[in-house]
Amino acid sequence: MPTLTPDEWQALALSLKVSFWATALSLPVGLLTALVLARGTFRGKSILNGLVHLPLILPPVVTGYLLLLTFGRRGPVGAFLDANFGIVFSFRWTGAALAAAVMAFPLMVRAIRLSIEAVDARLEDAAGTLGANRLWTFVIVTLPLILPGVIAGAILAFAKAMGEFGATITFVSSIPGETRTLPAAIYGYTQVPGGQPQAMRLTLIAVAVAMTALIASEFVARRVARRIRDG
Amino acid sequence: MRPPRHRQLLAALLALCVTAAPPASAQDVMIFAAASLKTALDGVAAAWSAETGSEAVVSYAASSALARQIEAGAPADVFISADLDWMDYLASWGLIDPDTRRTLLSNRIVLIAAGTDAPPVEIAPGFGLAALLGEGRLAMADVDAVPAGRYGKAALETLGVWGNVESRIAETENVRAALAFVALGEAPYGIVYATDANAEDNVTIVGTFPEDSHPPIRYPVALTADTANPAAADFLEFLGAAPARALFEAQGFTVLDPTDADAHAG
């Protein structure tokens, strides 16, 4: 088996790091958003729903540009975070993670929301009549029931984050070891005369990672579903 | 059952999708041009259309991306590259018509700073670029692939400062994206073509790189080997005519004379 060059390792490791944090940190927010969208009845719900789905519909370059204007060094949110908390996104891997998280968010929320909507409300009602309060009911009844959806949503988001390119390169450019993720490295190689072999190697790696994530998601979701069914 | 009103609306929407964007007519000349030409070439294409009544459609991107697309069979009639390498690359595959090839323009690369009143920087061997950048980034087009980035890297290497700033560079997929990072104040400095800097009000040219610090910046043009559009040759001719010349020069390009150009075509 051919070994990876240091540059290839760097791009792959960076992509895994960016995608991991993008998924891990957006999961609680995604769960809450899905819950609000599935259960909540309030004015402006369709606006929230639209906002959540916006990155799915907008061209990634537009999302990246909006992130740059908002979270960049001179953007209102970016300047505030930098001045008060020392959090900087521009040209950092954290910015790549932010871009990946935003792009993957709709997929995560959709998967979780569907699983919440599929929960039999009578089970939750039963827990209520047995004396559990709403939070406890959510933890011991709802959460286990929606776990396959949560896992599927997280893995889907991870896979999407691994592949994010347009918003990332627009927001944080392509800096080796900092923001040059796997897709950016592939794009870079395709732009060099004679760079096709390297581009093809990285492409195969990207395909392998994506397939592994999807197969893992199927496997985990099925196991969890069986465990819930068998009680 | 769905009210018929909805069905009509749906049908109207579908019809709109099908008809809204008329496909580029076969008579339109399709030009693939380096991103750095955008401002000037938009004007040239409009002038040519006004004169001949034919339409010119220009697709702008990094020369590298365009060359790859032509290699993959994109329906371009004219290719204008920002360096000789990508034109040579297509020539080596027989994808351009060698008899039509000539070197049209030359350009300079400059150091730009964010804002409208940045102090000038003396660009000389060993100049303190790293100190200027501090914690900030130097925005450049991809230094291995995109011509503007390659010229910039060559110049910094010649001047002996590449090693100091190599880790501080934010690479973009084309030169206009590097310009945008500086214009937004995201990166304090950047290296772009003089013509790009002229097209953007929110940046200042703080220094021009010596012409002998990097390979000469030449824009070769040629018809593609596959073009079947008779208007394409006319457009190619028009690029060197007086009205086009004036537009290119207004943007900061130097228009090379055919004899002069041949001497550099290499």
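Positions within a chain are numbered from 1, following the residues in the order the chain's sequence is written. Numbering of ligands from 1 and lettering of chains from A proceed in the order in which they are written. Owing to the predicted nature of the model, reporting of local features is limited to residues with pLDDT of at least 70; listing and counting of side-chain atom pairs is limited to 80 or more, with chain, interface and lining totals taken over all residues.

Asks: Even after reading the chapter, I still don't get the overall build of chain A, so can you show me in this structure?
Replies: Starting at the N terminus, helices and strands are each numbered in turn, a helix being any DSSP run of H or I of at least four residues and a strand any DSSP run of E of at least two. Of the regular secondary structure elements, chain A holds 10 helices and zero strands. Each helix and strand of chain A, ordered N terminal to C terminal, gives the series α-α-α-α-α-α-α-α-α-α. Judged by the C-alpha coordinates and their principal axes, chain A covers about 70 × 45 × 30 Å. Exposure in this text rests on C-beta crowding, where 20 or more other C-beta atoms within 10 Å of a residue's own make it buried, 12 or fewer make it exposed, and counts in between make it partly exposed. The C-beta atoms are placed from the backbone. A buried classification covers 38% of the 231 residues belonging to chain A. Working definition of a contact: two residues with C-beta atoms, positioned from the backbone, lying within 7 Å. When contacts within chain A are restricted to residue pairs at least 6 apart in sequence, those whose partners lie at least 24 apart make up 75%.

Asks: Looking at this structure, how should I read the confidence of the model for chain A?
Replies: The predicted coordinates should not be examined in detail at positions where pLDDT is low. Summarising the model, chain A shows a mean pLDDT of 88, and 99% of its residues fall at 70 or more. pLDDT is a per-residue confidence score from the predictor, ranging from 0 to 100. Helix α10 (residues 196-230) of chain A is the least confidently modelled element of chain A, averaging 83 in pLDDT, while helix α5 (residues 93-117) of chain A averages 95, the highest of any element.

Asks: What exactly am I supposed to notice about the packing of helix α2 (residues 38-52) of chain B against helix α11 (residues 242-250) of chain B here?
Replies: The packing of two helices is summarised by the inter-axis angle and the distance between the axes. Residue and element names in this part refer to chain B. Note on method: axes are straight lines fitted to C-alpha atoms, helices fitted across the in-contact stretch only, with angles between N-to-C directions ranging 0 to 180 degrees. Viewed as axis vectors pointing N to C, α2 and α11 meet at an angle of 160°, and their least axial separation amounts to 9 Å. Here α11 runs roughly antiparallel to α2, going by the angle between their axes. Relative to α11, the crossing made by α2 is right-handed. Contacts between α2 and α11 involve Ala40, Gly43, Val44 and Ala47 from the former and Pro243, Ala244, Leu247 and Phe248 from the latter. For this classification, Asp, Glu, Lys and Arg are treated as charged, while Ala, Val, Leu, Ile, Met, Phe, Trp, Tyr, Cys and Pro are nonpolar and the rest, including Gly, are polar. The residue inventory of the contact of α2 with α11, partitioned by class, reads seven nonpolar, one polar and no charged. Any angle between 65 and 115 degrees counts as roughly perpendicular, while under 35 counts as roughly parallel, over 145 as roughly antiparallel, and the rest as oblique. Crossing handedness: left-handed means the near helix sits turned counterclockwise from the far one by under a right angle, and right-handed means the same turn made clockwise.

Asks: So what exactly am I meant to see when it comes to the domain arrangement of chain B here?
Replies: One frequently used descriptor of interface size is the decrease in accessible area upon assembly of the parts. Residue and element names in this part refer to chain B. Domain borders in the structure are assigned automatically or taken from a domain database. Under the domain assignment, chain B is made up of domain 1 (25-106 + 218-265) and domain 2 (109-213). Taking only C-alpha atoms, the centre of domain 1 and the centre of domain 2 are 26 Å apart. With 14 residues of domain 1 at the contact, the number on the domain 2 side is 15 residues. Those elements that provide at least two residues to the side of domain 1 that touches domain 2 are α2 and α3 (63-71). Sorting elements by how many residues they give to the side of domain 1 that touches domain 2 places α2 first, with three residues. Of the residues assigned to the side of domain 1 that touches domain 2, the class counts are six nonpolar, six polar and two charged.

Asks: Which parts of the structure should I look at to understand the nonpolar core?
Replies: Grouped burial of nonpolar side chains is what soluble globular proteins tend to show. Ranked by size, the top nonpolar core spans 134 residues in total, and within it B:Val78 and B:Val182 carry the most contacts. With 15 residues, the single largest contributor to this core is α5(A). For this core, the domains that each give at least three residues are domain 1 (25-106 + 218-265) and domain 2 (109-213) of chain B. If near-sequence neighbours (up to four positions away) are discounted, B:Val182 is found in contact with B:Ile112, B:Ala114, B:Ala139, B:Ala187, B:Tyr189, B:Gly190 and B:Val203. Each nonpolar core consists of buried Ala, Val, Leu, Ile, Met, Phe, Trp, Tyr and Cys residues. Their C-beta atoms, within 7 Å, join them into a set.

Asks: Would you explain the sheet that holds strand β6 (residues 138-141) of chain B in this entry?
Replies: Backbone hydrogen bonds are what pair the strands of a sheet, in a parallel or an antiparallel way. All names here are of chain B. At least two bridges found by DSSP between two strands is the condition for calling them paired. Taken in spatial order, the five strands make up an open sheet running β7-β6-β8-β5-β9, and their pairing is mixed. Of all the strands in the sheet, just β7 (169-172) and β9 (203-208) have a single pairing partner and so form its edges. Pairwise comparison of adjacent strand axes, ignoring direction, gives a mean angle of 35° for this sheet. Looking at chain direction, β6 and strand β8 (residues 189-193) are connected through two bridges and run parallel. Within β8, the position partnered with Ala139 by the bridge is Gly190.

Asks: Looking at this model, I keep getting lost on the interface of chain B and chain A. Mind explaining?
Replies: Contacts between the two partners involve 19 residues from chain B and, on the opposite side, 16 residues from chain A. Of all the secondary structure elements, the ones that give two or more residues to the side of chain B that touches chain A are α3, α4 (84-92) and β7 of chain B. Split by residue class, the side of chain B that touches chain A holds eight nonpolar, three polar and eight charged.

Asks: For this particular structure, what's the right way to read the sheet that holds strand β1 (residues 29-34) of chain B?
Replies: Residues and elements named next belong to chain B. The six strands lie next to each other as β2-β1-β3-β10-β4-β11, forming an open sheet whose pairing is mixed. The strands lining the two open edges of the sheet, one partner per strand, are β2 (56-61) and β11 (254-255). Its contacts with the sheet put α3 on β1, β2 and β3 (78-80), and the angle it makes with β1 is roughly 140°.

Asks: Looking at this model, I keep getting lost on the pairing of β2(B). Mind explaining?
Replies: Every other side chain in a regular strand lies on the same face of the sheet, so the side chains alternate between the two faces. Residues and elements named next belong to chain B. As paired strands, β1 and β2 are joined by six bridges and run parallel to one another. Across the sheet, residue Met30 finds its bridge partner in β2, namely Val57. Note on handedness: a clockwise path from strand one over the helix to strand two, with the strands aimed away from the viewer, defines a right-handed crossover. Handedness of the crossover joining β1 and β2 through α2: right-handed.

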